[in-house]
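Overview (structure and organization)
Below are the chains, spelled out letter by letter.
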Amino acid sequence: MDVKIEPSWKEKLGDEFEKPYFTNLIDFVKSEYATGRVYPPGKLIFNAFDKCPFGACKVVILGQDPYHGAGQANGLCFSVNDGIPKPPSLLNIFKEISDDIGKPVPVSGNLERWAVQGVLLLNATLTVRAGQAGSHQGKGWETFTDAVIKKISEEKKGVVFMLWGRYAQEKGRVISLEKHLILTAKHPSPMAAASGGWFGNRHFSKANEYLRQQSLPAIDW
């Protein structure tokens, strides 16, 4: 199957694109886009990969679903388009960054600036029906993104994985502890953060310290 995705990822994931589950997934996704409103826009489904080639990937942040509100999703987990109000989880991420490294909360919630520095902003499910959270779960995306995580774990070394919340931590069980840095915390959603375990995690300074130890450029969060 000819999937329009960044070339290095196309090479790494080529076998997945030929598997029956992926063919069924794409048939489902095409039908959804043809018959209703689905996010993100079709050209941005693989935006996380297009903005962060395989060789450039230094950090992986794992989300669950794209945002399902109008104009929000741009194919990068936790990210929203310029001019869109920041969702509560993203606000809590920015608050933690401010507390951790002293960087002011930015005007825009668009995280493309992270992606182009080598942060793979990967949702477990890459599409969603408008206004219906979780509507594209269980259709094959999770199998695909499991393969992505496994490929990174097996073929790269020294990647920082940020796993926030139980779902992300379960999905990250395939990651090699010997080869990579795994940072875990509660999910940054208001309910989870309020119960403790999100604020004060210092993941952003820890990630940069680890990257510097490998003589890699730190991320400008």
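These remarks concern the structure in this document. Predicted model only: the values in this text are computed from it and were never measured.

Turning our attention to the environment of Val 116. You can see Val 116 is positioned in the loop between α6 (112-115) and β3 (119-123). By relative accessible area, Val 116 is classed as exposed at 53%. Through-space distance from the C-alpha of Val 116 to that of Cys 52 is 5.8 Å; in sequence the pair is 64 residues apart.

Burial analysis of β3 places 5 of its 5 residues in the buried class, which makes it a mostly covered element. Going residue by residue along β3, you find Val 119, Leu 121 and Asn 123 tucked away on one face and Leu 120 and Leu 122 tucked away on the opposite face as well. Where strand β2 (residues 59-63) lies against β3, 5 bridges are found, and the strand directions are parallel. In the strand pairing of β3, Val 59 is matched with Val 119.

By the definition in use, this model includes 0 disulfides. No disulfide involves Cys 52; its nearest neighbouring cysteine sulfur is the one of Cys 57, lying 4.5 Å away. Given a relative accessible area of 0%, Cys 52 falls into the buried group. Left without a disulfide partner, Cys 77 is nearest to the cysteine sulfur of Cys 52, which lies 11 Å away.

Reading across from one edge, β3-β2-β5-β6 is the order of the 4 strands in this open sheet, with parallel pairing throughout. Here the strands that pair on one side only, and so sit at the sheet edges, are β3 and β6 (181-185). Ignoring strand direction, the axes of neighbouring strands in this sheet form an average angle of 20°. By the bridge criterion, 5 bridges tie strand β5 (residues 160-164) to β6 in an arrangement that is parallel. Its bridge partner being in β6, Trp 164 is matched across the sheet by Ala 185. Most of the contacts of helix α7 (residues 141-155) go to β3, to which it runs at about 155°, and overall it touches β2, β3 and β5. Docked against the sheet, helix α10 (residues 203-213) engages β2, β5 and β6, running at close to 165° with respect to β5.

Relative to the 22 Å expected for 16 residues at 1.5 Å per residue, helix α3 (residues 20-35) spans 23 Å between its end C-alpha atoms, a close match to the ideal helical length. The complete set of buried residues in α3 reads Tyr 21, Phe 22, Leu 25, Ile 26, Phe 28, Val 29 and Glu 32. Projected down its long axis, α3 carries its buried residues within an arc of 160°, all on one side. Of the exposed residues in α3, those oriented more than 90 degrees away from the buried face are Pro 20, Asn 24, Lys 30, Ala 34 and Thr 35. Buried residues in α3 make contact with α2 (14-17), β1 (38-39), β4 (128-129) and α7.

What counts and what doesn't
- Residues numbered from 1 in each chain as written.
- Predicted model: local features only at pLDDT ≥ 70, side-chain atom pairs only at ≥ 80, totals over all residues.
- Heavy atoms only, no water.
- Helix = DSSP H or I, 4+ residues; strand = E, 2+ residues; numbered from the N terminus.
- Buried < 20%, exposed > 50% of the residue type's maximum accessible area, 1.4 Å probe, protein only.
- Pairing = 2+ DSSP bridges.
- Disulfide = S-S within 2.5 Å.
- Axes fitted to C-alpha atoms, helices over the stretch in contact; angles between N-to-C directions.
- Contact = heavy atoms within 4.5 Å.
- Expected span 1.5 Å × (residues − 1).
- Arc of directions from axis to C-beta.

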